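# Residue-level structure breakdown
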Amino acid sequence: MDLSNTIHMDTQALDDDIQRLQSCMNDLISIQAFAAIWSGQKPPQIAAALLELLVRMLRLEFAYSRICDSSDELPTELVRQPLPRRDLQAHAVGLTLEPSLSRDRVNPFVMASPSGNGDISVAVFRLGLLDEMGIVAAACQRPDFPTDTEKLLLRVAGNQAAIALQEARRLDEQKRAAAELEQRVQQRTRQLTAVNLELRKEILQRHQAEAEQRKFSSLVAYSSDFIGIASLEGKPLFVNRGGQQMVGLDRGEELPRTIFEYIAEEDRRKVQQEMMPILERDGHWSGELRFHHFKAGESIPMLMQVFFIKEQPGDRRVAMATISRDISARKRAEQVLRDSEERFRLMVEGIKDYAIYLLDSEGRVTSWNAGAERLKGYTEEEVLGRHFSKFYTSEELAECKPQEHLDLAAAVGRVETQGWRVRKDGTRFWADVLITALRNQQGKLIGFSKLTRDVTERRKAEEELRALKDQLAAELAAMTRLHELSTRLLASTELQPLLEEVLDAMIALLNADFGNVQLYNPKTQALEVVAQRGFGQEFLDYFRSTQEGTGSCGTALLRGERIVLEDVRTDPSFAPHLEIAAAAGFLAVQSTPLLTRSGEPLGMISTHFRKTHRPSELELRFTDLYARQAAEMIERKRSEENLHRSQTYLAEAQRISQTGSWVWNVSTGELFWSDEQFRIFGLDPDWGPPSLSAALQFIHPDDRPDVQQLLEKALRETSHSEWDCRIVTLKGDIKIVHTTAHPVFTLGILTEYVGTTMDITARRQAEDALHEAREELTRVSRAVTIGELTASIAHEVNQPLAAVVTNGNAGLRWLAGDAPNLDEARQALRRIIRDGNRASDVIAKIRLLVQKAGTAKEEFDLKETIAETITLAQAEMRRRDVALSTAVSDDLPAVMGDRVQLQQVMLNLIMNGIDAMSEVSNRPRELLVTAAQDLPDKIRVSVRDSGSGIEPQNLTRVFEAFYTTKPYGIGIGLSISRSIIEAHGGQLWAVQNEGPGATFHFTVPIQPVVSAEAHQL
Amino acid sequence: MVSIVDDDESIRESVTSLVRSVGYRAEAFATAEEFLLSNHPGTADCLILDVCLPRTSGLDLQRQLVSCDCRIPIIFITAHGTDEARVQAINDGAVEFLFKPFSELALLSAVHAALKV
């Protein structure tokens, strides 16, 4: 090894050494620092901290300590390992170390690791100067442990710990001494407190005793009783303040010389003779004595207790004492009571309405008041000492009632009873009696008080009241029965059962044996039996129809009031019927008329009795009530049956006339239909009436709008309305119905429409057939008229035809010449056309009249029509040498109607006029046709002839069908004419002229009335 | 100059035209009275007369003309004449009695004949 190396090595060792020393220094400083922390801690904590420091600082396997805290306690063992190891137990480590420790070893030693980690080096050092504090063992796996530095460190740490432990032990001892001292001081303090408490208790008791004493003294001093003490010789020694005030010595006066001075003079003798001997004998006395009031001089009643005060022990009497109470108030109360009792006695004696008297326990009278004397008639002298049973009736005496009453009163204290009692004069009165048992304070029976009141009047009133109540109850029962019977009347649905019910009820009401109901027949003015109970055929035949005044019922009918025959044998009016009554088996009868509400006779209810009998007033009263109800019910039922009959008739009438009726409620829209209405519409009544809108659906669609419009108008104007329309039934049949609707007002407000629906299908068909027939007849009539005109018409046609031919020839000739005259030829041709048209017109007019023209209503000019008609007849008139003149107003308004029919009428009248003049040869045959607006709404057309005229009696007959004066006429012309005019809303009539001939007038309205017939004609 | 009396205008006009077409003069009247009041009864060479006229008939006019010795040849025309009327007319001197409608030749022949007389 060279030097450098050696130097280097030395330097290296030096550095290590320096580093080690520095580390050691650091550790020492740490130990020092720990020592400062240990200060004030307990030995185990110090040891634990030391061990942990060593393990960490010296990188030990473990560190162990055994610290002896004090000589008398077991050492504390601790072991610490490097964290986190905790596998060693301190005591186990101690036991392992023990063999090495017992030796006085100062150097380290090697031993097997207790945790099995091979050998360990253990260094042990002792704590304390004398090792008395314990030991510390540090174990390390390093074989060189402990190094010198580590030894130093161990030693320093050990010393520091020892100092700390020493300090801790010292501190511990100081604490122990202080605690002992504290304990002694506390013990002493407790002893002193106990003594003190005892002392305080004694003081308190003494105070309480003193307070008791003071209270007692005040009690005595302020007691309202007289408390006094006297010597055995009777000299007063002490009297309390209350006592002194009681006797008027409350101003500090000297006490009297002897106790006698306290006693009122009148009682002093009693003191000497009664009180003192007893006191001497018994040692105490109590009783009443009067004290003397020293100021007022009056006596004070006192209740006294006097006794001796004895010496304890030995029982020797040393003084006498008294406690006495002023009993003036009690005495006064007793006096008031006595006065009250006296007044009560006087009152009892003075009461006159009640008999108040006393009985001894045996029942003998011991006192008697004025009321008793008045009530029973006995004076006090007469009755005192007598037994009270003498007031009872013989009947009650026989039943031992008096004793029974006394026994009962004695047993239960008091008896209240009512009964007859007997006066001295033997008369009886109804008495209300109260017997009360009297007992003394010991409960012994000493007698009875008896209080008796005459309640005869009250009893009478009560009996009357009871009778009234019974009567009312009876009436109520009867009313109830009546009500039941009346209720049953309501249940009867038909008249006959109702009558039977009425009769049964009446028999029951009157307890009758039999009876009958008759109804009044206004036609025969007789009563007829309609219901009966218990009569034989003979009786019924006899009284089947009873006239006024016959028998009881007839008499009742005559008089209009009820008849009661108590005994038919004694009633002269019944004499003729006695035989039948005997046969029927009755002796008494009552007949009650049944009257309508308006007082008219309705019938009669008679009830019969086998024995003579008169129903009570009550029964008769109820009979009246029931009869009234029955009459009402019968009347109502009759009305119902009549109504029912009427309804049936109405339904029948509706069925026959095929007229249904209906009611439509405007507000609810409800529709009521009669059975016939249903039938007309082909509906089942069980389905109920349809709604209005449904009903309208049955109307033929073509007619429906019109009907709806009519209905709306009627509703709007609340007016009456009628219409015809077709309805289509469910089966598809078409019917024509005529409906009327009439508004019904309630309080001025439209509430309903009532109406009828008439099936006029058949009528309409008949009318249509008639119409057709009439139409045909009219046409025939026209044809006949035209036929009459044939000659004239031929002429009318021939004329233009002749002219046509002539004109034709003329025309040809005008053209045929050398110089044809075209102008003339043209004129001829024009005339030909004109005349051809003229002939054609005539033919057309005739065809129009003759053809079967349908109804045609049109507006036309009457003036023109008249002219045309005249044209048709003109040739005839010429032929028949009739002069025609016309007077037709120019301003005739147009009329609405059937032109052809009106023309027919005019032609008919003109032809009649011509015919009427056919025989005339001595005067002009004149026919005048006039037409003018006669009235504002009518046009009058007149045809006046100068013919033979019409006999006045025939003026109307001429319009009858088939009436004619013409040899070849059929007599229907005027009849048809009239029907035509009437169908147009006009009139046709004939009048005889003032001169020769007759005039036929007819009118046509300017606004013709639209009627069904006008449509048909 | 031919006078024509007929209350029917058509007849009146057509006959007038026919008569005139063959070269005669013609004058027409609607009634007998009208004719009488004219100067024609004295100047007419022929009278064509309708039997049925209002008021004074054709036959009555003939009688009146005869009674006042006015011998105008008369040709009667009628629409509904009777044989009795025809006989009466011829007896009273009528030239012809024609029923309407009549032929032109019959009328014109009668007129020629009347004018030749």
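What this report covers is the structure whose coordinates are included nearby.

Looking only at helices and strands, one finds six helices and five strands in chain B. With 117 residues in all, chain B has 53% of them scored as buried. Long-range pairs, those at least 24 residues apart, make up 59% of the contacts in chain B with a sequence separation of at least 6. For chain B, the computed accessible surface area is about 5,000 Å², with 51% contributed by carbon and sulfur atoms.

As a further point, take the side chain of Thr623 of chain A. All names here are of chain A. Considering the arrangement of structural elements, one finds Thr623 in helix H17 (residues 617-657). Of note is the side chain of Thr623, whose polar atom sits 2.6 Å from the backbone oxygen of Glu619. Leave out the neighbours within four places in its chain, and Thr623 touches Met506, Leu510, Arg562, Gln590 and Thr592.

Looking now at the layout of surface pockets. Residues and elements named next belong to chain A. Of the volumes computed, that of the second largest pocket is approximately 430 Å³. If you trace the second largest pocket, you find 18 residues lining it, with Phe344, Val348, Ile356, Leu358 and Ser367 closest to the centre. Elements represented by at least two residues in the lining of the second largest pocket include exactly helix H7 (328-350), strand S11 (354-360), strand S13 (428-439) and strand S14 (445-454). For the lining of the second largest pocket, the element with the most residues is H7, which contributes five residues. Class assignment for the residues of the lining of the second largest pocket results in nine nonpolar, four polar and five charged.

The subject of this paragraph is the pairing of strand S21 (residues 659-665) of chain A. Residues and elements named next belong to chain A. Within S21, five of the seven residues are buried, which leaves it mostly tucked inside the rest of the structure. Bridge count for S21 against strand S25 (residues 749-759) is seven bridges, and the pairing is antiparallel. Its bridge partner lying in S25, Thr659 is registered against Met758. Linking two consecutive strands that pair antiparallel, namely S21 and strand S22 (residues 671-673), is a turn of five residues; a positive phi of about 75° is found at Gly669 within it.

With that out of the way, let us pick up the interface of chain B and chain A. Opposite the 22 residues of chain B that make contact, chain A presents 20 residues. In total, chain B and chain A occlude about 2,000 Å² of area from one another, counting both sides; carbon and sulfur atoms represent 51% of this. Applying the counting rule to chain B against chain A returns four salt bridges. Put simply, chain B and chain A have 11 residue pairs in polar contact (both at pLDDT 80 or more) between them. Those elements that provide at least two residues to the side of chain B that touches chain A are helix H1 (9-21) and helix H6 (104-116) of chain B. Top contributing element to the side of chain B that touches chain A by residue count: H1 of chain B, with 10 residues. Partitioned by chemical class, the residues of the side of chain B that touches chain A number nine nonpolar, five polar and eight charged.

All names here are of chain A. Between its first and last C-alpha atoms helix H6 (residues 265-282) spans 25 Å; for 18 residues at 1.5 Å apiece the expected length is 26 Å, and the two agree. Inspection of H6 places Asp267, Val271, Met275, Met276 and Leu279 among the buried residues, and these make up the whole buried set. Contact partners of the buried residues in H6: strand S8 (284-292), strand S9 (299-310) and strand S10 (317-326). Directly after H6, the chain includes Gly283, whose backbone phi takes a positive value near 90°.

Attention now moves to the environment of Ser231 of chain A. Residues and elements named next belong to chain A. Within the secondary structure, Ser231 is located in the loop between strand S6 (226-230) and strand S7 (236-239). Note: C-alpha distance between Ser231 and Thr258 (27 residues apart in sequence) is 9.3 Å. Setting aside residues up to four positions removed in sequence, Ser231 forms contacts with Leu237 and Met320.

This part is about helix H26 (residues 973-983) of chain A. The α-helix winds at 3.6 residues per turn, so residues separated by three or four positions along the chain end up facing the same way. Residues and elements named next belong to chain A. Taken across its 11 residues, H26 has eight buried, putting it largely inside the fold. Along H26, the residues that are buried comprise Gly973, Leu974, Ile976, Ser977, Ser979, Ile980, Ile981 and Ala983. Gly985 sits one or two residues past H26 and shows a positive phi near 85°.

Right, let's get into empty space enclosed by the protein. Residues and elements named next belong to chain A. Counted under the stated rule, the structure contains eight cavities of 30 Å³ or more. What the largest cavity holds in volume is close to 270 Å³. Taken together, 20 residues form the lining of the largest cavity, with Trp662, Leu692, Ala695, Trp723 and Thr739 sitting closest to its centre. In terms of residue class, the lining of the largest cavity is built from 17 nonpolar, three polar and no charged.

This part is about a nonpolar patch on the surface. All names here are of chain A. A contiguous nonpolar surface patch, about 300 Å² in accessible area, is contributed by Leu465, Leu468 and Leu472. Structurally, Leu465 is set in helix H12 (residues 456-491). According to the relative accessible area criterion, Leu465 is exposed, its value standing at 52%.

The next subject is the sheet that holds strand S4 (residues 119-127) of chain A. Residues and elements named next belong to chain A. A sheet is described by the order of its strands in space; here five strands give the open sequence S2-S1-S5-S4-S3, paired in antiparallel fashion. Of all the strands in the sheet, the pair left with one neighbour each is strand S2 (76-80) and strand S3 (109-112). Pairs of neighbouring strands in the sheet enclose a mean axial angle of 25°, with direction left out of account. Sheet topology note: the strand S1 (residues 62-67)/S2 ladder contains five bridges and is antiparallel. From the neighbouring strand, Ile67 faces S2, where its bridge partner is Thr76. Packed on one face of the sheet, helix H2 (residues 43-58) meets S1, S2, S4 and strand S5 (134-140) and runs near 25° to S2.

With that out of the way, let us pick up the packing of H12 of chain A against H17 of chain A. Residue and element names in this part refer to chain A. Axis separation between H12 and H17 bottoms out at 11 Å; the angle between their running directions is 15°. In terms of orientation, H12 and H17 fall into the roughly parallel class. Crossing geometry of H12 relative to H17 is assigned as right-handed. Between H12, through Glu475, Ala478, Met479, Leu482, Leu485, Ser486, Leu489 and Leu490, and H17, the contact on the second element is made entirely by Leu618, Arg621, Phe622, Leu625, Tyr626, Gln629, Ala630, Met633 and Arg636. Partitioning the contact of H12 with H17 into residue classes produces 12 nonpolar, two polar and three charged.

Residues and elements named next belong to chain A. One finds Leu862, Ile910 and Phe1002 to be the most contacted residues of the largest nonpolar core, which totals 48 residues. If one sorts the elements of this core by residue count, helix H25 (residues 899-916) sits on top with eight residues. Contacts of Phe1002, omitting those with residues within four sequence positions, involve Val905, Met906, Leu909, Ile939, Arg940, Val941, Ile981, Gln987, Leu988 and Trp989. By size, the runner-up hydrophobic cluster in this structure holds 36 residues, among which are Ile31, Trp38, Leu50 and Val156.

Residue and element names in this part refer to chain A. Where strand S31 (residues 988-992) and strand S32 (residues 998-1005) come together, five bridges link them in antiparallel fashion. Its bridge partner being in S32, Val991 is matched across the sheet by Thr999. The turn joining S31 and S32, which pair antiparallel and follow one another in sequence, is formed by five residues; a positive phi near 90° is taken by Gly997.

Quick look at the pattern of salt bridges now. All names here are of chain A. All chains considered together, the criterion is met by 56 salt bridges over all chains. A salt bridge links Arg458 to Glu462; its shortest N-O distance comes to 3.6 Å. Residue Arg458 and its partner Glu462 are located together in helix H12, separated by four residues, close to a single helical turn. A salt bridge links Arg899 to Glu868, with the nearest nitrogen and oxygen atoms 3.2 Å apart. Linking Arg899 in helix H25 with Glu868 in helix H24 (residues 862-879), this pair joins segments that are 31 residues apart in sequence.

To continue, consider the environment of Gln547 of chain A. Residues and elements named next belong to chain A. Here Gln547 shows up in strand S17 (residues 545-547). For the pair Gln547 and Gln525, spaced 22 residues apart in sequence, the C-alpha to C-alpha distance is 6.8 Å. With sequence-adjacent residues up to four places away left out, Gln547 is seen in contact with Thr524, Gln525, Ala526 and Gly554.

This part is about the side chain of Asp225 of chain A. Residue and element names in this part refer to chain A. Checked against the element boundaries, Asp225 lands in the loop between helix H4 (148-222) and S6. Its relative accessible area of 11% is what places Asp225 among the buried residues. Once residues within four sequence positions are removed from consideration, Asp225 is found in contact with Asn240, Gly242, Gly243, Met246, Ile323, Ser324 and Arg325.

It is worth spelling out the sheet that holds strand S30 (residues 938-945) of chain A at this point. Neighbouring strands of a sheet are bound in pairs by backbone hydrogen bonds; such pairs are parallel or else antiparallel. All names here are of chain A. Reading across the sheet, the five strands line up as S27-S29-S30-S32-S31 and stay open at both edges, with mixed pairing between neighbours. Every other strand in the sheet has two partners, leaving strand S27 (883-888) and S31 as the edge strands with one partner each. Taken over all neighbouring pairs, the strand axes of this sheet differ in orientation by 20° on average, direction set aside. Inspection of the sheet shows S30 paired to S32 by seven bridges, in the antiparallel sense. Residue Arg940 lies in a different strand from S32, and its bridge partner there is Thr1003. Its contacts with the sheet put H24 on S27, strand S29 (926-935) and S30, and the angle it makes with S27 is roughly 175°.

Reading guide: rules and limits
- Residues numbered from 1 in each chain as written.
- Chains lettered and ligands numbered in written order.
- Predicted model: local features only at pLDDT ≥ 70, side-chain atom pairs only at ≥ 80, totals over all residues.
- Heavy atoms only, no water.
- Helix = DSSP H or I, 4+ residues; strand = E, 2+ residues; numbered from the N terminus.
- Buried < 20%, exposed > 50% of the residue type's maximum accessible area, 1.4 Å probe, protein only.
- Contact = heavy atoms within 4.5 Å.
- Areas by Shrake-Rupley, 256 points an atom, 1.4 Å probe, with all protein chains shown as cover.
- Polar contact = N/O pair within 3.5 Å; in protein donor to acceptor, adjacent residues only side chain to side chain.
- 1 Å grid on protein atoms, 1.4 Å probe; cavity = no way out; pocket = protein on both sides within 12 Å on 5 of 7 lines; lining within 4 Å.
- Points joined across faces, edges and corners; volume = space filled by probe spheres on them.
- Nonpolar A, V, L, I, M, F, W, Y, C, P; charged D, E, K, R; others polar.
- Pairing = 2+ DSSP bridges.
- Buried area = accessible area lost by both parts, 1.4 Å probe.
- Salt bridge = Lys/Arg side-chain N within 4 Å of Asp/Glu carboxyl O.
- Expected span 1.5 Å × (residues − 1).
- Patch = residues over 30% accessible without salt bridge, like charges linked within 9 Å, V, L, I, M, F, W, Y side chains within 5 Å.
- Axes fitted to C-alpha atoms, helices over the stretch in contact; angles between N-to-C directions.
- Parallel < 35°, antiparallel > 145°, perpendicular 65-115°, else oblique.
- Left-handed = near helix turned anticlockwise from the far one by under 90°.
- Core = buried A, V, L, I, M, F, W, Y, C linked by side-chain atoms within 4.5 Å.

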